[in-house]
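# Working through the structure, step by step
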Amino acid sequence: MVDRDREWDFYLRLLSSSARDSNLANDPASDPSLLQAVKKLHEICKVEESEDLVARVYPQIYKLFQRSVASLSQSQTSNGLLLLAVLQFFLDFGEVVLHDADPSLTTFFRSCLSREFADPVVAEATLNFLSENKKKLLTSFPNLLPQFFPLLLKLIAWNGEKLEKPFQKVFPGLISPGSFLPLFPSLVDLPILVVALEKVERTSGSLIGSSIASIQKSAAPEMLLALMDEAYTGSTIGDGGGDSESEDSSAIDVADPLFLDLLKDENDGLAERHWGSPGMAAALQAAINTPQSYRLKEALNITPRLLDVYFAIGLRDMNDSLICALIPLLMSRNATIFPDKVFSHEVRKRLLEFMLAAFQLSPDFIALLKSLQKPITDRLGEAYETPENTELALQLCWAIGEHGGGGDSHKDAARELFESLELLLYENLSSSRLGLRQDSSLSSNGATFRNSSQARLLCFVVTAIAKLATYHRELQPRARVSLSKVARSQISDVRVWSRARDYLGLMNEPAICLSVLGPSHGQVKNPGLVNWSEGGRKMIAHIPFYILGVQEGPPFRDFSFSEILPRK
């Protein structure tokens, strides 16, 4: 007990004397003993559980915090560890001394972490601090982490996979109703953020101890001068000077608005990122033409794993309006992803999986998107612009058919979607007959792939039309006409016209048709409907033979459902 009292007096005097030392007063972090003093005093307060001790030491620790923050711009020493130790004291004993830690936490993020996120020691200590205090932070300061998610993404983008595990513990706290939508493009663009940070390091030196916010502020007058130069001389902002052939001439310009948006520290809402801007085009071209840095490679690996957590939390915790608002963003970003083959495949797979899961969760989204924003029909119209758009159109066709265009209560939206599918079908029938999609510049393999892709899309469209007509019987006459045209067409791919013929045959058997093409859940139990879960144990005297797809003509015996149901 006597030793602890001596320790207490020693460290308390150390704090008070540091305030009188002119050198330490201007740069407290330069004396490592102060960090030790704060930790020991904090430890003694926790062990003794004495409010009197907390009240005695609080004024000295608060003054130390103020001096450290004030010295950040001139300090040559890292202040992160010292400030984190002080913040831990504020969180643990704030109620005792009536100290609101929110302003102190905000100050740490804005003034300290924005300068020291690239320091691996400070970055790891910050993540450990946030992880250990996650429950208290989310309860008492729920807006803190969502507000500073851009800064924390910079931290993980720069420090990479070695800090991924502690970051994964903190990451769910970044997701809130206010950050859910803005966080999505920032996650997808994590590799671009790495490119931007590396550009800053090459042009401005080490990121440790320098505030990117100052770079952003200094870039504003440069951009204004560039705009004036463009107006008066006709030169463009992207025109280079005498060093236009330098190594970084193709990288992002610090005055580019996209660059400024990428490097922001705080969540300021959902901003449109112009992937067609000269700065973005230059950044992507530079990334393609130069070997990938180890940081970029790690960001390409981390991003899909973060998206898994993001989408899981979105489906579990976010309300329908936010999920519905996210779907158009997914569709617009499907074709604008960092051009790495493996990365783009992994990200697009997750985008499509989330979109289909959202439609499964609430089929009304299909009708709402069609009625309010029309992104679905826009994407169907872009089906052949790129392979990515084709895959997106395939998935949308499947969702439209599977969920009946939004369900029985959305007949107007279902009719409009049916008309869009009908138009897509007729356009492709025409181009297939006339060979308009044959491109002499394509190799035989390229032409084969294109024809196969078109046949695959037509199969999905035909299925969606048949399913919509099954949900909404008023569409059946038009569906019969559409499917008949396909069945009689001269399309070379047998999969398309045979599928149309099969669906026409199914429509002549209403009960079987509703069982096969109707809704997969929530079906009304009508006589003649098939319960597919019991199909392996029942026999039926008349199964249309075209379902079996084995041979033409009437069936020569009764078939079991187990013969047409997939085996486990």
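Reading guide: rules and limits
- Residues numbered from 1 in each chain as written.
- Predicted model: local features only at pLDDT ≥ 70, side-chain atom pairs only at ≥ 80, totals over all residues.
- Heavy atoms only, no water.
- Helix = DSSP H or I, 4+ residues; strand = E, 2+ residues; numbered from the N terminus.
- Buried < 20%, exposed > 50% of the residue type's maximum accessible area, 1.4 Å probe, protein only.
- Areas by Shrake-Rupley, 256 points an atom, 1.4 Å probe, with all protein chains shown as cover.
- Salt bridge = Lys/Arg side-chain N within 4 Å of Asp/Glu carboxyl O.
- Axes fitted to C-alpha atoms, helices over the stretch in contact; angles between N-to-C directions.
- Parallel < 35°, antiparallel > 145°, perpendicular 65-115°, else oblique.
- Left-handed = near helix turned anticlockwise from the far one by under 90°.
- Contact = heavy atoms within 4.5 Å.
- Nonpolar A, V, L, I, M, F, W, Y, C, P; charged D, E, K, R; others polar.
- Core = buried A, V, L, I, M, F, W, Y, C linked by side-chain atoms within 4.5 Å.
- Phe/Tyr/Trp six-rings, centres within 6.5 Å; stacked < 30°, edge-to-face > 60°.
- Lys NZ or Arg CZ within 6 Å of the ring centre and 35° of its normal.
- Polar contact = N/O pair within 3.5 Å; in protein donor to acceptor, adjacent residues only side chain to side chain.
- pLDDT = per-residue confidence, 0-100.
- Expected span 1.5 Å × (residues − 1).

## What to know about the overall build of the protein chain
- When helices and strands are counted, the protein chain shows 28 helices and two strands.
- In the protein chain, buried positions account for 51% of the 568 residues.
- Accessible surface computed for the protein chain: about 27300 Å², of which carbon and sulfur atoms make up 53%.

## A look at the pattern of salt bridges
- For the structure on display, the rule yields 21 salt bridges.
- Close ionic contact of Glu161 with Arg305 constitutes a salt bridge, the shortest N to O distance being 3.2 Å. Placement of Glu161 in the loop between α10 (149-159) and α11 (164-170) and of Arg305 in helix α17 (residues 294-317) is noted, with a sequence separation of 144 residues between them.
- For Glu161, a relative accessible area of 31% translates into the label partly exposed.
- A salt bridge links Arg501 to Asp502, with the nearest nitrogen and oxygen atoms 3.5 Å apart.
- Connected through shared salt-bridge partners, Asp308, Glu346, Lys349 and Arg350 make up one network.

## Examining the packing of helix α7 (residues 120-132) against α10
- Packing of α7 against α10 brings their axes to within 11 Å, and their N-to-C directions diverge by 130°. Regarding the angle of α7 to α10, the classification is oblique. Here the hand of the crossing between α7 and α10 comes out left-handed. Along the contact surface, α7 presents Pro120, Ala123, Leu127 and Leu130, while α10 presents Leu152, Leu155 and Asn159.

## Some points on the packing of α10 against helix α13 (residues 190-204)
- At a minimum axis distance of 9 Å, the contact between α10 and α13 shows a crossing angle of 75°. In terms of orientation, α10 and α13 fall into the roughly perpendicular class. Here Leu153, Lys154, Ala157 and Trp158 of α10 come into contact with α13, specifically with Leu190, Leu193, Val194, Leu197, Glu198 and Glu201.
- Across the contact of α10 with α13, the residue classes break down as seven nonpolar, no polar and three charged.

## Things to note about the nonpolar core
- Counting 158 residues, the largest nonpolar core has Phe109, Phe184, Tyr310, Leu326, Phe359 and Ile376 as its most contacted members.
- Those residues in contact with Phe184, other than ones at most four positions away along the chain, are Leu307, Tyr310, Phe311, Leu326, Leu329, Leu330, Arg333 and Leu351.

## Some details on the packing of aromatic side chains
- The final tally for this structure, using the stated rule, is 16 aromatic pairs.
- Measuring from ring centre to ring centre gives 5.7 Å for Phe108 and Phe109, while their planes differ by 80°; the resulting arrangement is edge-to-face.
- A relative accessible area of 1% places Phe108 in the buried class.
- With a relative accessible area of 1%, Phe109 lands in the buried category.
- Taking the centre distance of 6.3 Å and the plane angle of 40° together, the rings of Phe184 and Phe311 count as tilted. Taken together, the positions of Phe184 in helix α12 (residues 180-188) and Phe311 in helix α17 put the pair 127 residues apart, joining distant regions of the chain.
- Of the residues examined, Phe311 reaches a relative accessible area of 6% and is grouped as buried.
- Connected via pairs of aromatic rings, a cluster forms that spans Tyr58, Tyr62, Phe65, Phe89, Phe90 and Phe93.
- Residue placement shows Lys485 over the ring face of Tyr426; its charged tip is 4.7 Å from the ring centre.

## Observations regarding the side chain of Asn159
- Assignment of secondary structure puts Asn159 in helix α10.
- By relative accessible area, which is 2% here, Asn159 ends up buried.
- Looking at Asn159, its side chain comes within polar contact range of the main-chain oxygen of Phe117, at 3.0 Å.
- Beyond its immediate chain neighbours, meaning those up to four positions away, Asn159 contacts Phe117, Ala118, Asp119, Pro120, Ala123 and Glu298.

## Quick word on unusual backbone geometry
- Even without a glycine there, the phi angle at Glu49 is positive, about 50°.
- Tracing the chain through its elements places Glu49 in the loop between α3 (32-48) and α4 (51-70).
- Here the phi dihedral of Leu98 falls at roughly 60°; this positive angle occurs in a residue that is not glycine.
- Within the element layout of this structure, Leu98 appears in the loop between α5 (80-97) and α6 (101-116).

## Brief notes about the confidence of the model for the protein chain
- A residue-level look at the protein chain finds 75% of positions with pLDDT of 70 or above and a mean pLDDT of 80.
- In this model residues 433-442 is a low-confidence stretch, pLDDT under 50, and it forms 14 contacts with partners more than four residues away in sequence or in other chains.
- Below a pLDDT of 50 lies the segment residues 538-553, which in the model reaches 33 contacts outside its immediate sequence neighbourhood of four places, other chains included.

## So, the side chain of Asn334
- Tracing the sequence through the fold places Asn334 in the loop between α18 (320-333) and α19 (341-361).
- For Asn334, a relative accessible area of 2% translates into the label buried.
- Filtering out sequence-adjacent residues up to four positions away, Asn334 remains in contact with Arg348, Leu351, Leu352, Glu388, Asn389 and Leu392.

## Considerations on α3
- With 17 residues, α3 extends 25 Å from end C-alpha to end C-alpha; this agrees with the ideal 24 Å at 1.5 Å per step.
- Listing the buried residues of α3 in full gives Leu34, Leu35, Ala37, Val38, Lys40, Leu41, His42, Ile44 and Cys45.
- Trailing α3 by a residue or two, Glu49 shows a phi angle of about 50°, which is positive.

## A word on the environment of Leu183
- Along the chain, Leu183 turns up in helix α12.
- A residue is classified by how much of its surface remains accessible, and Leu183, at 0% relative accessible area, is buried.
- The sequence separation of Leu183 and Asn267 amounts to 84 residues, and the corresponding C-alpha distance is 8.4 Å.
- When residues no more than four places from it in sequence are discounted, the contact partners of Leu183 are Phe149, Leu153, Phe171, Leu174, Ile175 and Tyr310.

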